[in-house]
Number of protein chains: 4
Amino acid sequence: MIIVLKPGHTQSDIENVEHKVRELGYEPHTIKGVVRTVINAIGDETAHASLEVLATIPIVERVFPIQKRYRMVSREVTPETTTIPVGNLEIGGNTFHVIAGPCSVESYEQMLRTAEHVKTSGATLLRGGAFKPRTSPYDFQGLGVEGLKILDRVKQATGMPIVSEVVKETDLKEMLGIVDILQIGARNAMNYSLLEAVAATKTPVLLKRGMAATIEEWLLAAEYLVKNGNPNVILCERGIRTFEKATRNTLDLSAVALARQECNLPVFVDPSHAAGRHDLVAALSCAAIAVGANGLIVEVHPDPATASSDGSQQLTFEMFEHLMQRLAPFAEAACMKLA
Amino acid sequence: MIIVLKPGHTQSDIENVEHKVRELGYEPHTIKGVVRTVINAIGDETAHASLEVLATIPIVERVFPIQKRYRMVSREVTPETTTIPVGNLEIGGNTFHVIAGPCSVESYEQMLRTAEHVKTSGATLLRGGAFKPRTSPYDFQGLGVEGLKILDRVKQATGMPIVSEVVKETDLKEMLGIVDILQIGARNAMNYSLLEAVAATKTPVLLKRGMAATIEEWLLAAEYLVKNGNPNVILCERGIRTFEKATRNTLDLSAVALARQECNLPVFVDPSHAAGRHDLVAALSCAAIAVGANGLIVEVHPDPATASSDGSQQLTFEMFEHLMQRLAPFAEAACMKLA
Amino acid sequence: MIIVLKPGHTQSDIENVEHKVRELGYEPHTIKGVVRTVINAIGDETAHASLEVLATIPIVERVFPIQKRYRMVSREVTPETTTIPVGNLEIGGNTFHVIAGPCSVESYEQMLRTAEHVKTSGATLLRGGAFKPRTSPYDFQGLGVEGLKILDRVKQATGMPIVSEVVKETDLKEMLGIVDILQIGARNAMNYSLLEAVAATKTPVLLKRGMAATIEEWLLAAEYLVKNGNPNVILCERGIRTFEKATRNTLDLSAVALARQECNLPVFVDPSHAAGRHDLVAALSCAAIAVGANGLIVEVHPDPATASSDGSQQLTFEMFEHLMQRLAPFAEAACMKLA
Amino acid sequence: MIIVLKPGHTQSDIENVEHKVRELGYEPHTIKGVVRTVINAIGDETAHASLEVLATIPIVERVFPIQKRYRMVSREVTPETTTIPVGNLEIGGNTFHVIAGPCSVESYEQMLRTAEHVKTSGATLLRGGAFKPRTSPYDFQGLGVEGLKILDRVKQATGMPIVSEVVKETDLKEMLGIVDILQIGARNAMNYSLLEAVAATKTPVLLKRGMAATIEEWLLAAEYLVKNGNPNVILCERGIRTFEKATRNTLDLSAVALARQECNLPVFVDPSHAAGRHDLVAALSCAAIAVGANGLIVEVHPDPATASSDGSQQLTFEMFEHLMQRLAPFAEAACMKLA
């Protein structure tokens, strides 16, 4: 920790801050500069209370940490990328996996048709929401348990592992055994109670970045999962909220490059929720693979214009097939295999 | 709903869209303009599926709703401000209530001293977190049930109603009977499962705005509570996340004015979390009352420099007393009583 | 400056960085912590090259400055608030000044009627744009020099000092002598060439904050003016660009409180451009005075529904009169006089 | 334009709005819906005054335009991508051009060495700032005219066309003849006076997106150039300002995909200013080509740790060479030639 004092402090002010620093378990080293005095507090920041409370002392101008707050997900601790087994697949290796499927599970026929089509085009995992967190209480909230049963039947029929969002702890019992990857959505990205409950299941997790989460907060959410016993975490960038409204969110591909560099977990990209419009999904998918992503999650629907939710960003089967073809040369350029 | 077509459409394109509009339960009225064709879809948007799915039709350029999505919290439906009884107090009337207390419950002595001081200075409700959602799993997570017991004892000793954050459904049973106002924090502002569980308790709720929630999303979160049977909702603006980092968040007082105008619920302001620094709290509190807020929630700690969490934004007793004195003439200017 | 090294560095890495630090004119003090090594570089950051270039050395993790970059506008250098004489008025003292008038100068009659009305209601300065920077080249760009002549006639007729925006250096000659306060708009808030040209005139300046300018960048823009010989600078907060679209911009009143605390210049608030809608202007004006602003700039138009620009945020005469009445008790609460 | 009325309006309110609509040159078509009344105003929005002023009528709830505001840069008007001749090069065709060079011109030797190296690695144009707009008046402001002379000599020696930033109209005379592409920086992206002056030169322009400019505002800035007689405009995405601070800005590659789709101008990407850190530049460059960009502008310096400005984001020669090698397969995947 670095503590910067305001000008005009006395020697006794310095000693007072040094005393507090020692009380909190750090060793102070004071450096008097030309314009400011700086106290370096030596100690492991993650093992002691934060010194940020010292900012309340009137003579303290600023306090800033110098360590990273995440540990177990950091490449400093574990340099190699974690690979995550899901059925026969391995996420995080040199195969680029594409999760595809509709926003919401609507019917068995809808899911089966979609699964067959996306599988043929090259998707390896199937997505579909049974529990939908919706902004308005008047919007379609998902089929719930019935939706899970549909996912189970389609999984049996096609052999595709299932990715589906969990919105509350009490749904987990019914999801386990059916859902292969539990998705934590952007709205629950800082719901730490849910993260702890999901960690306890040991089931692989697709962890979306919160709509206004910093990269550090996203990695700390992953740290919650790993620290609580579940190392099978896939990060997923899905766009952040900015002033730009031509797209629903702003896809932050720098965050993908940075997360790949800082963190040992695989990183996926969700171009559908990022753009909120189908016409940009293919271009953003190519950019995702080029920037270093390990996979994609893409919304595909048999007839987007009648979808129960998020129609405007879902691809038709034809658009998805085209996306996969367009992706192929970029996968090769990135030295990744498409399934 | 308004559907704008791209240039170059044919009559059959128009008929195709009109057909879809009818299928979704609306009546289309098509207006051919000089540059664009616009289809007005007549029908109650909150009673039918959204037409936004029509944006997937290639010839459709944009679709936008014209109705507001919240109903029960809207002044269009109920023009008068809801008043909420809490113990002997009434929130939302012409008394300006100040909730004060530490970020986290740390000990009985800490809570009791704080309660006595803030009560003397004019606070009418006591805050204190027993369950703390923290960005890092290595940070102090609150005393939990033990913290609730402390709150209960201090409530008995001082008669002050208690405001405390709920982070998961399964904690509710232990909170009820002790906590008078359940706080939904910014991180759970779109945790709709938790909102539904809290609604079922009928206990008054202080609903923080999410760190990147639009005003509409905030009012829709309130709609979740009211629609599920709990009309006792207090909105709370606590700053939004922006590019500016000199303050932790950017306090959005326009949102307070707008929420007061649009919505029939009382609106509080949390200047402590907005600023993230104690030196701006008093000025922002005065601005809050001037813009039309119904109350404040302010962090106060006997010794902020040793606080377990959020020390840098907590006020000392002396600072809080000064804040209340500074507030008094502005309350009078706003024709509000301070307790 | 503080330089944090990555883990895994050698003694020779440290010496290499220390050498660079000395080359750039600073004295290095190296502190080896438990987890990180930190080099404190001692020297006046504003008098030497920035050490941020050292971030390019692979073993350097981060470099951060500890000094503030503005000097002349800082209360550390000059604690008292600068007062600025404009005609018979004094900006920055204990009178709260309201600048009012239309977005654009449209005609002599429009300006004269507006001036008379706003003066009667209590405004002390008149605004009106002759040169309008507009987002689209197809929008009304102002009357130009003809607009200046109208402003001059109205100034003679009413005695009100004139505030008008300058958009390019070559217009200055015609503006001087007519315009009493040159406004730098949000779009030109980082147009340093224009700031230097305006500084040379010594004419008082109303310096809007850029739509995405940090508080530090805003104060540094002021520093450009003061350093180049013009101490007569009034800061003006006008809302920043955020994700929230219910208001055109998000008025950042924390920035007003902070600028007042950090900087010795008077701070005005522009609630009209912040909100972009007339119905919030009065509430935000009251909040501005409560948070510590020294004045307001408000758009008023005889008939907003026919205005050439920005109609939706302009007040009618009646609305403005009401605003001034509503403001009065808050001015008193803030111990400020209204003219 | 679409005008939405508030509930509770009378027939005479409707007629009043219809009357105003006609006065402004549009033809009103009123549709009474179940919950709202909507007035469709027919007419060319770009040829008449905006109806947004009608939002000031109390009974009007909202007014929104349905047309796009840019015309000449729109693919609706000119579907094919504009190609721009610069020396022997053609920008916007199927060659992917890389502009490289230091942030600031520092000396002839620095520029010459850089030019030779980046040319060998595959760059086709040379960048270097002679006039530097800097946030602080105490930072290095560029060598000015002396810098231009250096650029001229290096251009003669290497044959590389020169890209350099213009910050004020009065510098243009000295820049023309030396500078082949005038760069408009992010800080001047809404300096319409400068855009008009640059348009008059007919010299090709690299138009950076403003740090908080929407895509629409960026395209309208381009429209200023084209409408004023200069069709030789290259758009350049350089990151937008968001809450995320791990990168200096957030590179918005969705904006690149969207600008390519909407607009007939070539689009470049500046990964150096977007990231503000050298370690992400290569990954972002690959993503840029994958998303559909026509070229890059990258900062390269012989010794970034001694650079006069922006050191932390500049690449060494070796890093740049590596970037070009990494780019090659992605260029091929995108069916683009590297020079």
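Sequence order sets the numbering: in each chain, residues are counted from 1 along the sequence as written. Starting at A for chains and at 1 for ligands, labels are handed out in the order in which the entities are written. Residues qualify for local features only when their pLDDT is at least 70, as the model is predicted, and side-chain atom pairs are given and counted only at 80 or more; totals for whole chains, interfaces and linings, by contrast, use all residues. Calculation of side-chain values draws on the structure's entire complement of heavy atoms; hydrogens and water are dropped beforehand.

Asker: What is the right way to read the overall build of chain A from this model?
Answerer: Comment: elements are numbered from the N terminus, with helices defined as DSSP H or I runs of at least four residues and strands as E runs of at least two. A count of helices and strands for chain A gives 10 helices and 15 strands. Projecting the C-alpha coordinates of chain A onto the three principal axes gives extents of approximately 75 × 45 × 40 Å. Here a residue-residue contact requires only that any non-hydrogen atoms of the pair lie within 4.5 Å. Of the contacts formed within chain A by residues at least 6 apart in sequence, a portion of 67% connects residues at least 24 apart. Surface accessibility follows the Shrake-Rupley procedure with a 1.4 Å probe radius. Residue values consider only the protein chains on display as shielding. Only carbon and sulfur atoms are counted for the fraction: they give 49% of the accessible area of chain A, which is about 10,800 Å². Treating the 33 positive side-chain charges of chain A as one cloud and the 39 negative ones as another, the clouds have centres 1 Å apart. We score Asp and Glu as negative and Lys and Arg as positive, and we do not count His or the chain ends. Lysine's charge is taken at NZ, arginine's at CZ, aspartate's at CG and glutamate's at CD.

Asker: Just checking my understanding: could you explain the interface of chain B and chain C for this structure?
Answerer: The figure often quoted for interface size is the accessible area lost as the parts come together. On the side of chain C, 34 residues touch chain B, which itself brings 34 residues to the contact. Summed over both sides, the interface between chain B and chain C buries roughly 2,700 Å², with carbon and sulfur atoms accounting for 70% of that surface. Using a 1.4 Å probe, buried area is obtained as the accessible area two parts lose upon being combined, added over both of them. Area buried by chain B at its contact with chain C is led by Phe243, Ser254 and Phe330 of chain B, which between them contribute 21% of it. A side-chain nitrogen of Lys or Arg and a carboxyl oxygen of Asp or Glu constitute a salt bridge if their distance falls within 4 Å. Along the contact surface separating chain B from chain C lie two salt bridges. Among the salt bridges present, the one from Arg209 of chain C reaches Glu244 of chain B, with a minimum N-O distance of 2.8 Å. For this analysis, a polar contact is any N or O atom pair within 3.5 Å, provided that within protein one partner can donate a hydrogen and the other can accept it, and provided that sequence-adjacent residues contribute only side-chain to side-chain pairs. Between the two partners, chain B and chain C, sit six residue pairs in polar contact (both at pLDDT 80 or more). Those elements giving two or more residues to the side of chain B that touches chain C turn out to be α7 (253-262), α9 (281-291) and α10 (317-333) of chain B.

Asker: Explain the interface of chain B and chain A to me, please; I cannot follow it from the model alone.
Answerer: Taken together, the contact between chain B and chain A spans 48 residues of the former and 48 residues of the latter. If you look at where chain B meets chain A, you find six salt bridges. Between Asp139 of chain A and Arg69 of chain B there is a salt bridge, with the nearest N and O atoms lying 3.0 Å from each other. Counting the contacts that link chain B with chain A gives 16 residue pairs in polar contact (both at pLDDT 80 or more). If one sorts the elements of the side of chain B that touches chain A by residue count, helix α6 (residues 215-227) of chain B sits on top with five residues.

Asker: Mind showing me how you'd approach the environment of Glu196 of chain C here?
Answerer: Residue and element names in this part refer to chain C. Its place among the elements puts Glu196 in helix α5 (residues 192-201). C-alpha of Glu196 to C-alpha of Lys227: the two residues are 31 residues apart in sequence and 9.2 Å apart in space. Each residue touching Glu196, except ones within four places of it in the same chain, is listed here: Tyr224 and Asn228.

Asker: Just to check I follow, could you spell out the relation of the copies chain B and chain A for this structure?
Answerer: Comparison of the two chain copies shows a relationship of rotation about an axis with a shift along it. Only residues with pLDDT of at least 70 in both copies count here: their C-alpha atoms drive the least-squares fit that superposes the copies. Expressed as a screw transformation, the operator carrying chain B onto chain A has a rotation angle of 180 degrees and an axial translation of 0.0 Å, and the superposed copies differ by an RMSD of 0.0 Å. What the superposition gives is, in effect, a two-fold axis relating one chain to the other. Closest approach to the rotation axis within chain B is made by the C-alpha atom of Ala212 of chain B, at a distance of 2.9 Å. Of all interface residues in chain B, 100% are interface residues in chain A too; the two copies therefore contact each other through one and the same surface.

Asker: Would you take a moment to explain the relation of the copies chain B and chain C for this structure?
Answerer: Relative to chain C, chain B is turned by 180 degrees and slid 0.0 Å along the rotation axis, the superposed coordinates differing by an RMSD of 0.0 Å. A share of 100% of interface residues in chain B that are also interface residues in chain C marks the association as one of identical surfaces.

Asker: Help me understand the sheet that holds strand β2 (residues 27-32) of chain A, please; the structure alone is not making it clear to me.
Answerer: Picture the strands of a sheet paired through backbone hydrogen bonds; they go either parallel or antiparallel. All names here are of chain A. Here, a strand pair is defined by DSSP locating no fewer than two bridges between the strands. Pairing is antiparallel in the open sheet, where four strands are placed in the order β2-β3-β1-β4. Each edge of the open sheet is held by one strand with a lone partner, namely β2 and β4 (60-64). Here the strands of the sheet are splayed against their neighbours by 20 degrees on average, with no regard to which way each runs. Of the strand pairs in this sheet, β2 and strand β3 (residues 37-42) are connected by six bridges, and their pairing is antiparallel. Note on β3: the bridge partner recorded for Pro28 is Ala41. The strands that helix α1 (residues 11-23) touches are β1 (2-5), β2, β3 and β4; relative to β2, the one it contacts most, it runs at about 150 degrees. Only the stretch in contact is used when a helix axis is fitted, and all axes are lines through C-alpha atoms; the angle between N-to-C directions ranges over 0 to 180 degrees.

Asker: When you look at the domain arrangement of chain A in this model, what are you seeing that I'm missing?
Answerer: An automatic or database domain assignment supplies the start and end points of every domain. What the domain assignment lists for chain A is domain 1 (2-67) and domain 2 (84-338). With centres defined by C-alpha atoms, the gap from domain 1 of chain A to domain 2 of chain A works out at 44 Å.

Asker: Can you help me understand the sheet that holds strand β2 (residues 27-32) of chain B in this one?
Answerer: Residues and elements named next belong to chain B. The antiparallel open sheet is built from four strands, whose spatial order is β2-β3-β1-β4. Since the sheet does not close on itself, it has two edges, and those belong to β2 and β4 (60-64), each with one partner. Shown here is a sheet whose adjacent strand axes are inclined to one another by a mean of 20 degrees, direction ignored. Sheet contacts for helix α1 (residues 11-23): β1 (2-5), β2, β3 (37-42) and β4; angle to β2, the most-contacted strand, approximately 150 degrees.

Asker: So what exactly am I meant to see when it comes to α6 of chain B here?
Answerer: Working note: α-helix, 3.6 residues per turn, so residues spaced by three or four point in the same direction. Residues and elements named next belong to chain B. A helix is expected to span 1.5 Å multiplied by its residue count minus one. Helix length check: α6, at 13 residues, gives a terminal C-alpha distance of 18 Å against a target of 18 Å (1.5 Å per residue), a fit within 8%. Throughout, exposure labels follow a simple rule: accessible area from a 1.4 Å probe, protein chains only, divided by the maximum for the residue type, with under 20% read as buried, over 50% as exposed, and the rest as partly exposed. Extensive coverage of α6 is indicated by the burial of 11 of its 13 residues. Residues of α6 that are buried include every one of Ile215, Glu217, Trp218, Leu219, Leu220, Ala221, Ala222, Glu223, Tyr224, Leu225 and Val226, and no others. Packing partners of the buried residues in α6 comprise α5 (192-201), β11 (205-208), β12 (233-237), α7 and β13 (267-269). Downstream of α6 by one or two residues, Gly229 has phi in the positive range, about 100 degrees.

Asker: Just to check I follow, could you spell out unusual backbone geometry for this structure?
Answerer: Among all residues except glycine, the phi angle is most often negative; among peptide bonds, the trans geometry is most common. Residue and element names in this part refer to chain C. The backbone of Lys202 sits at a positive phi, close to 65 degrees, despite the residue not being glycine. At Cys335, a position not held by glycine, the phi torsion is positive, near 60 degrees. Among the structural elements, Cys335 can be located in the loop between α10 (317-333) and β15 (337-338).

Asker: I tried to follow the packing of aromatic side chains on my own but got confused; where do I start?
Answerer: When we look at a pair of aromatic rings, we describe it by the centre distance and by the angle of the planes. Pairing of aromatic rings covers Phe, Tyr and Trp, the last through its six-membered ring, and needs centres within 6.5 Å; plane angles under 30 degrees mean stacked, over 60 mean edge-to-face, and all others mean tilted. The full count for this structure, using the stated rule, is six aromatic pairs over all chains. Taking 4.4 Å as the distance between ring centres and 20 degrees as the angle between the ring planes, the aromatic pair formed by Tyr192 of chain B and Tyr224 of chain B counts as stacked. Taken together, the residues Tyr192 of chain B in helix α5 and Tyr224 of chain B in helix α6 connect sequence positions 32 residues apart. On the accessibility criterion, Tyr224 of chain B (1% relative accessible area) is buried. We count a charge as sitting over a ring when the NZ of a lysine or the CZ of an arginine lies within 6 Å of the ring centre and within 35 degrees of the ring normal. Over the face of the ring belonging to Tyr138 of chain A we find Arg71 of chain B, whose NZ or CZ atom lies 3.9 Å from the ring centre. Above the plane of the ring of Tyr108 of chain C lies Arg153 of chain C, whose end atom (NZ or CZ) is 3.7 Å from the centre.

Asker: Help me understand the pattern of salt bridges, please; the structure alone is not making it clear to me.
Answerer: When charged atoms on two side chains of opposite charge get close, those side chains can pair. Tallying each qualifying case throughout the model produces 72 salt bridges over all chains. With a shortest N-O distance of 2.9 Å, Asp252 of chain A and Arg209 of chain A are connected by a salt bridge. Of the two residues, Asp252 of chain A sits in the loop between β12 (233-237) and α7 (253-262) while Arg209 of chain A sits in the loop between β11 (205-208) and α6 (215-227), which places them 43 residues apart along the sequence. In this structure, Lys208 of chain C engages Asp270 of chain C in a salt bridge whose closest nitrogen and oxygen atoms are separated by 2.8 Å. One end of the pair, Lys208 of chain C, is in strand β11 (residues 205-208); the other, Asp270 of chain C, is in the loop between β13 (267-269) and α8 (271-275), and 62 residues separate them in sequence. Accessibility assignment for this pair places Lys208 of chain C and Asp270 of chain C in one class, buried. Where salt bridges share partners, they join Arg36 and Glu61 of chain A together with Lys68, Glu76 and Glu262 of chain C into one cluster.

Asker: Would you take a moment to explain helix α2 (residues 108-121) of chain D for this structure?
Answerer: All names here are of chain D. Here α2 contains 14 residues, and its C-alpha end-to-end distance of 20 Å stays within 8% of the 20 Å for a straight helix at 1.5 Å per residue. Residues of α2 that are buried include every one of Tyr108, Gln110, Met111, Leu112, Thr114, Ala115, Val118 and Ser121, and no others. Contacts from the buried residues of α2 go to β7 (95-101), β8 (125-127), α3 (145-158) and α10 (317-333). Once α2 ends, the next one or two residues include Gly122, with phi positive near 125 degrees.

Asker: Mind showing me how you'd approach the side chain of Thr242 of chain A here?
Answerer: Its place among the elements puts Thr242 of chain A in the loop between β12 and α7. The exposure class assigned to Thr242 of chain A is buried, which follows from its relative accessible area of 6%. Apart from the residues within four sequence positions on either side, Thr242 of chain A is in contact with Thr250 of chain A, Phe243 of chain C together with Ile240 and Thr242 of chain D.

Asker: Please clarify how the side chain of Ser104 of chain D should be interpreted in this entry.
Answerer: Residue and element names in this part refer to chain D. Structurally, Ser104 can be placed in the loop between β7 and α2. A relative accessible area of 1% means that Ser104 is categorised as buried. Not counting the four nearest positions on each side in its chain, Ser104 is found in contact with Gln110, Gly129, Lys132, Phe140 and Ser309.

Asker: Would you take a moment to explain the pairing of β11 of chain C for this structure?
Answerer: As a general feature of sheets, a regular strand has side chains that alternate between the two faces. All names here are of chain C. Here β11 shows two buried faces, one formed by Val205 and Leu207 and the other by Leu206 and Lys208. Bridging between β11 and strand β12 (residues 233-237) involves four bridges; their strand directions are parallel. Looking at the pairing, Val205 lines up with Val233 of β12. Note on the crossover from β11 through helix α6 (residues 215-227) to β12: the handedness is right-handed. Seen with the strands pointing away from the viewer, any crossover whose path from the first strand over the helix to the second strand runs clockwise is right-handed.

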